[in-house]
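# Observations on the model geometry
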Amino acid sequence: MSLKKRGKYQYGDSQADIRDELLRYGKKNEHAAHHFADAICKCGGKLFELSLDDNEGAAVRTCVGCKTEHAIGDSEEFLEEAELEECACPCGGEAFEITIGVSLYEDSEDVRWLYLGCRCPKCGLTAVYGDWKNEFSGYKKLLKRV
Ligand SMILES: [Zn+2]
Ligand SMILES: [Zn+2]
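An account of the accompanying structure is given in this report. (Residues numbered from 1 in each chain as written. Chains lettered and ligands numbered in written order. Predicted model: local features only at pLDDT ≥ 70, side-chain atom pairs only at ≥ 80, totals over all residues.)

Residues Leu-50, Val-102, Tyr-115, Leu-116 and Cys-118 are the most contacted members of the largest nonpolar core, which totals 33 residues. Elements with a contribution of two residues or more to this core: helix H1 (17-28), strand E4 (48-53), strand E5 (58-63), strand E8 (97-104), strand E9 (111-119), strand E10 (125-136) and helix H2 (139-144). Considering each element in turn, this core owes the most residues, six residues, to E9. Dropping the residues within four chain positions of it, Leu-116 is found in contact with Leu-52, Ala-59, Ile-72, Ile-98, Ile-100, Val-128, Tyr-129, Gly-130 and Asp-131. (Core = buried A, V, L, I, M, F, W, Y, C linked by C-beta atoms within 7 Å. Buried ≥ 20, exposed ≤ 12 C-beta atoms within 10 Å, placed from the backbone. Helix = DSSP H or I, 4+ residues; strand = E, 2+ residues; numbered from the N terminus. Contact = placed C-beta atoms within 7 Å.)

So, in structure tokens, the structure goes:
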């Protein structure tokens, strides 16, 4: 498990590598990611199509196996205003492994920033597809809704 840079992109060989990319990206953003969670559908599926709007801070994943849609984190509250765009990997892949990371306020369990990372299992490209200010009390609750 490691990230490799090729051209301007990072490539990973497992979902765990998404966390490294979220850490790397979070440091640049000055809100380090502290806690992570991997998206798993209730059917057990780990591959999703993803639509998001990172201005509104909303993302919806759709399981490629059972087609169940799920609003990630507290996205549901922002869906009405959101203009979701479908994500695609530069290789054309549209099914991703998804891991989110949260940055917390100091000495607190409250969230200040959310990172949404994906890995394309077709080519391995691993990247942050969205990040936004996310004020949520209690990060564990938020991570459960990945
Ligand atoms: Zn499913
Ligand atoms: Zn790809």
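So, about the sheet that holds E8. Taken in spatial order, the six strands make up an open sheet running E1-E2-E10-E9-E8-E3, and their pairing is antiparallel. Unpaired on one side and paired on the other, strand E1 (3-6) and strand E3 (35-38) mark the two borders of the sheet. Between one strand axis and the next, the sheet turns by 35 degrees as a mean value, whatever way the strands run. Pairing between E3 and E8: four bridges, direction antiparallel. For Asp-38, the partnering residue across the bridge sits in E8 and is Thr-99. The sheet strands contacting H1 are E1, strand E2 (9-12), E3, E8, E9 and E10, and the helix crosses E9 at an angle near 135 degrees. (Pairing = 2+ DSSP bridges. Axes fitted to C-alpha atoms, helices over the stretch in contact; angles between N-to-C directions.)

Next up on the list: the pairing of E2. Side-chain alternation along E2 places Gln-10 and Gly-12 on a buried face and Tyr-9 and Tyr-11 on a face that remains uncovered. Direction of pairing for E1 relative to E2: antiparallel, over a ladder of four bridges. Across the sheet, the residue bridging to Arg-6 is Tyr-9, located in E2. From the end of E1 to the start of E2, which pair antiparallel, there are two residues, and Gly-7 there has a positive phi angle of about 60 degrees. Bridge count between E2 and E10: two bridges; the pairing is antiparallel.

Bringing the environment of Ser-108 into the picture now. Here Ser-108 lies in the loop between E8 and E9. Residues Ser-108 and Asp-38 lie 70 residues apart in sequence; the distance between their C-alpha atoms is 22 Å.

The next thing to look at is the sheet that holds strand E7 (residues 85-86). What holds strands together in a sheet is hydrogen bonding between their backbones, with the strands either parallel or antiparallel. Ordered by their spatial adjacency, four strands build an open sheet running E6-E5-E4-E7, and the pairing between neighbours is antiparallel. The open sheet has two edge strands with one neighbour each: strand E6 (69-71) and E7. Pairing between E4 and E7: two bridges, direction antiparallel. Paired with Ser-51 across the bridge in E7 is Glu-86.

Quick look at H1 now. Look at H1: 17 Å from first C-alpha to last across twelve residues, which is about the 16 Å you get at 1.5 Å a residue. Packing partners of the buried residues in H1 comprise E1, E2, E3, E8, E9 and E10. Glu-30 occupies a position one or two residues after H1 and carries a positive phi of about 65 degrees. (Expected span 1.5 Å × (residues − 1).)

Okay, the environment of Glu-77 next. If you trace the backbone, Glu-77 turns up in the loop between E6 and E7. The class for Glu-77 is partly exposed, based on 13 C-beta atoms found within 10 Å.

With that settled, consider the environment of Val-102. Relative to the assigned elements, Val-102 resides in strand E8. Under the C-beta neighbour-count criterion, Val-102 is labelled buried, with 26 such atoms within 10 Å. If we skip the residues at most four places from it in the chain, Val-102 touches Ala-33, His-34, His-35, Val-111, Trp-113, Leu-114, Tyr-139, Leu-142 and Leu-143.

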